[in-house]
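Listed below, chain by chain, are the residues.
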Amino acid sequence: MTYGLISDIHGNLEALDAVLTELSDADGFLCLGDIVGYGADPGPCLTRVRELSNLICVAGNHDLAAVGSYDLGWFNPFARAAIEWTTAQLTDEHAAYLRSLPTTAHIDSALLVHGSLPNEMDYITSAAEARLCFDAMPGNLAFVGHTHVTEYYEVRSRSRGPRQISLSSGGEVELRDKGRYIVNPGAIGQPRDGNPAASFGEWHVEAGTVTIRRVPYDIEAAQAKMREARLPEYLLERLSVGR
Ligand code: ZN
């Protein structure tokens, strides 16, 4: 069984389609939230995601904010402007779907959550923040998104704290029997780890490995649509640099 790991699509259809082409052989899909927000194609991205086979999806903060279920006070002015634009684009059906998403889910022994635990919308950006999640999660494996930084955290023994390991150029995570792991497959639609290519993962369940990959996509096409929609210039410029 191989699951495609997708996260932080953020309404970027060009990036999502490039990733889904790479994941055409996946048996199922685990989506870690933020399907919408920032990009110019929230509706088409929602349609694509909902069509995926064996999909399990959790809500991100942008998904909830777009349907009035998360306080916009947490957002910077650029993100807020994009959310307000996104809200106006959503059909009733798409809005109902976003409202229906849980904030956590489980598949086999793995936890799916957008941000962290115990608070689902907290960020994991350091070993200290990862430790809070390791302490709160029931099993040995979690998949998270939210930071738009492709990396993982590993605990190999109780006496040593989590190690933070970058995967910004892709790579493989070997899930050892006695280890504990938090894996962030990175952002499809708005990477922020210095690599502008769309980031995604594959969880090979029987092999006990996670492969992280990056795929280039037509950034200029995504930017042109954002400009046409009058979304903030800053949000489209950052796609070119992955910051
Ligand atoms: Zn996000």
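Calculation rules
Residues numbered from 1 in each chain as written. Predicted model: local features only at pLDDT ≥ 70, side-chain atom pairs only at ≥ 80, totals over all residues. Heavy atoms only, no water. Pairing = 2+ DSSP bridges. Helix = DSSP H or I, 4+ residues; strand = E, 2+ residues; numbered from the N terminus. Axes fitted to C-alpha atoms, helices over the stretch in contact; angles between N-to-C directions. Parallel < 35°, antiparallel > 145°, perpendicular 65-115°, else oblique. Left-handed = near helix turned anticlockwise from the far one by under 90°. Contact = heavy atoms within 4.5 Å. Nonpolar A, V, L, I, M, F, W, Y, C, P; charged D, E, K, R; others polar. Buried < 20%, exposed > 50% of the residue type's maximum accessible area, 1.4 Å probe, protein only. Disulfide = S-S within 2.5 Å. Salt bridge = Lys/Arg side-chain N within 4 Å of Asp/Glu carboxyl O. Polar contact = N/O pair within 3.5 Å; in protein donor to acceptor, adjacent residues only side chain to side chain. Phe/Tyr/Trp six-rings, centres within 6.5 Å; stacked < 30°, edge-to-face > 60°. Donors = N, O, S within 2.8 Å, 3.2 Å for Na, K, Ca; no water. Tetrahedral: all angles 85-135°; square planar, octahedral: opposite > 155°, others 65-115°. Arc of directions from axis to C-beta.

For this particular structure, what's the right way to read the sheet that holds strand E7 (residues 151-155)?
The strand order across the open sheet formed by six strands is E4-E5-E6-E10-E7-E8, and the pairing between neighbours is mixed. With one partner strand each, in any of the chains shown, strand E4 (104-107) and strand E8 (163-166) form the two edges of the open sheet. Each adjacent strand pair in this sheet contributes to an overall mean axis angle of 20°, direction not counted. Two elements, E4 and strand E5 (residues 110-113), share four bridges in a ladder whose sense is antiparallel. Directly across from His106, in E5, lies its bridge partner Leu111.

Got a minute to help me understand the packing of helix H2 (residues 42-51) against helix H5 (residues 92-100) in this structure?
A pair of packed helices can be characterised by two numbers: the angle between their axes and the separation between those axes. Across the interface, H2 lies against H5 with an axial gap of 11 Å and an inter-helix angle of 60°. Viewed along their axes, H2 and H5 adopt a mutual orientation that is oblique. For the element pair H2 and H5, the recorded crossing hand is left-handed. Residue-level inspection shows Gly43, Leu46, Thr47 and Arg50 of H2 in contact with H5, the latter providing Glu93, His94, Tyr97 and Leu98. Its residues assigned to classes, the contact of H2 with H5 shows three nonpolar, three polar and two charged.

Hey, could you run me through the side chain of His10 in this one?
Within the element layout of this structure, His10 appears in the loop between strand E1 (2-6) and helix H1 (13-22). With relative accessibility at 1%, the residue His10 sits in the buried group. Every residue in contact with His10, bar those within four places of it in the chain, is listed here: Asp34, Ile35, Val36, Gly37, Tyr38, Gly39, His62 and His148.

Sorry if this is basic, but what is going on with the environment of Gly179 here?
Among the structural elements, Gly179 can be located in the loop between strand E9 (171-174) and strand E10 (180-184). Residue Gly179 is classed as buried on the basis of its relative accessible area, which comes to 5%. Between the C-alpha atom of Gly179 and that of Lys225, which follows or precedes it by 46 residues, the distance is 44 Å. Setting aside residues up to four positions removed in sequence, Gly179 forms contacts with Asn140 and Val155.

Just checking my understanding: could you explain the state of the cysteines for this structure?
A covalent bond between the sulfur atoms of two cysteines is what we call a disulfide. If you walk through the whole model with that rule in mind, you get zero disulfides. Here Cys31 stays free of any disulfide, with the sulfur of Cys57 as its closest cysteine sulfur at 3.3 Å. Its relative accessible area of 7% is what places Cys57 among the buried residues.

Mind showing me how you'd approach the pattern of salt bridges here?
When the charged atoms of two side chains lie near each other, side chains of opposite charge can form a pair. By the definition in use, this model includes eleven salt bridges. The closest approach of N and O atoms between Arg176 and Glu174, which form a salt bridge, is 4.0 Å. Residue classification places Arg176 among the partly exposed residues on the basis of a relative accessible area of 36%. Salt bridges sharing partners connect three or more residues here, namely Glu14, Asp41 and Lys225.

Explain the side chain of Thr147 to me, please; I cannot follow it from the model alone.
Tracing the backbone shows Thr147 in the loop between strand E6 (141-143) and E7. Here Asn184 takes part through its side chain, which lies 3.0 Å from a polar atom of the side chain of Thr147. Leave out the neighbours within four places in its chain, and Thr147 touches Tyr123, Ile124, Thr125, Asn184 and Arg192.

Would you mind showing me how to read the packing of aromatic side chains here?
Summed over the entire model, instances satisfying the criterion amount to four aromatic pairs. Three or more aromatic residues joined by ring pairs make a cluster, and in this case those are Tyr3, Phe143 and Trp203.

What should I look at first to understand the coordination of the zinc ion in this one?
By definition of the ideal shapes, four donors in a tetrahedron about a metal sit 109.5 degrees apart, and six donors in an octahedron sit 90 or 180 degrees apart. Protein coordination at the zinc ion comes from Asp8 (OD), His10 (NE2), Asp34 (OD) and His148 (NE2), with a distance range of 2.1 to 2.3 Å. Coordination at the zinc ion is irregular, judged from the four donor atoms that bind it and the angles of 86 to 179° they form at the metal.

Please explain helix H7 (residues 219-228) as it appears in this structure.
Every buried residue belonging to H7 is among Ile219, Ala222, Gln223 and Met226, and all of these are buried. Down the axis of H7, the buried side of the element spans an arc of 100°, and every buried residue falls inside it. H7 presents Glu220 and Glu228 as exposed residues on the side facing more than 90 degrees away from its buried surface. Where H7 is buried, its residues contact H1 and helix H8 (233-241). Two residues or fewer past H7, Arg230 is found with a positive phi of approximately 60°.

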